[in-house]
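Fold and geometry: a report
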Amino acid sequence: GNSVTQMEGPVTLSEEAFLTINCTYTATGYPSLFWYVQYPGEGLQLLLKATKADDKGSNKGFEATYRKETTSFHLEKGSVQVSDSAVYFCALNSGNTPLVFGKGTRLSVIA
Amino acid sequence: GAGVSQSPRYKVAKRGQDVALRCDPISGHVSLFWYQQALGQGPEFLTYFQNEAQLDKSGLPSDRFFAERPEGSVSTLKIQRTQKEDSAVYLCASSLTRADLNTEAFFGQGTRLTVV
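Right, let's walk through the structure included here. (Residues numbered from 1 in each chain as written. Chains lettered and ligands numbered in written order. Predicted model: local features only at pLDDT ≥ 70, side-chain atom pairs only at ≥ 80, totals over all residues. Heavy atoms only, no water.)

As for the environment of R106 of chain A
Residues and elements named next belong to chain A. Position of R106 among the secondary structure elements: in strand β12 (residues 105-110). The spacing of R106 and A91 is 15 residues in sequence and 15 Å in space, taken between C-alpha atoms. Those residues in contact with R106 that sit more than four places away from it in its chain are G9, P10, V11, A86 and V87. (Helix = DSSP H or I, 4+ residues; strand = E, 2+ residues; numbered from the N terminus. Contact = heavy atoms within 4.5 Å.)

Below you can see the structure in the form of structure tokens.
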């Protein structure tokens, strides 16, 4: 079946540091890949997505590239801000299957 | 409405009580999903509706869990005879089209259920 494995947190960074959150997946067929973010007190929001191999999703300075050869979709940001503090979830779906999520990675950015 | 709305936001139930959790999806959205999120975990799929039809209920953990969407809009997740292990945040999401078209799912803020 489909599954997502992402690096465990918490991750604590200083403002303007470089961020990488690793995500690898197992899936049947050709999945679409997503990163969702959950800010404190808010619901899950789609951050970015990629629907085929070598696609790069990007939003708010975050990027992730769909790597079929390594079954990965790592999230990166060049310079994090305090406002990026949140829980980040990697997710996938394929065909008619519902979204499958990783366990989430909590990011704390300190000034 | 502007987004997916869930109520109540918080619910405390005594073990053995029945609870009903409500989800108001974005108007016109075809697909509706329920997820269960335990503390420190990612959301786990429970069930999926396409309009009023429940097409997938493979994630419901037991026959104490029941969901409906009778008019293809508002949905209710009911848990009978609640147990402590049912304590979690229950998330509802909706999307504009059928699930296999992989359009963006919009999530509500969830209902935090605590069974004591």
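Thoughts on the interface of chain A and chain B
Facing the 18 residues of chain A at the interface are 17 residues of chain B. For the pair chain A and chain B, the summed buried area comes to about 1500 Å², and 51% of that belongs to carbon and sulfur atoms. On the chain A side of the interface with chain B, the three residues burying the most area are L44, P98 and K103 of chain A, jointly 29% of the side's total. Between chain A and chain B we count zero salt bridges in total. Contributions of two or more residues to the side of chain A that touches chain B are made by β5 (32-38), β6 (44-50) and β10 (86-93) of chain A. Residue composition of the side of chain A that touches chain B, by class: seven nonpolar, eight polar and three charged. (Buried area = accessible area lost by both parts, 1.4 Å probe. Salt bridge = Lys/Arg side-chain N within 4 Å of Asp/Glu carboxyl O. Nonpolar A, V, L, I, M, F, W, Y, C, P; charged D, E, K, R; others polar.)

Let's talk about the sheet that holds strand β9 (residues 75-77) of chain A
All names here are of chain A. With antiparallel pairing, the four strands of this open sheet are ordered in space as β3-β9-β8-β7. Strands at the two margins of the open sheet, each flanked by one partner only, are β3 (19-21) and β7 (56-59). Ignoring strand direction, the axes of neighbouring strands in this sheet form an average angle of 15 degrees. Relative to β9, strand β8 (residues 62-65) runs antiparallel, the two being bridged by three bridges. Bridge pairing in β9 places A64 opposite L75. (Pairing = 2+ DSSP bridges. Axes fitted to C-alpha atoms, helices over the stretch in contact; angles between N-to-C directions.)

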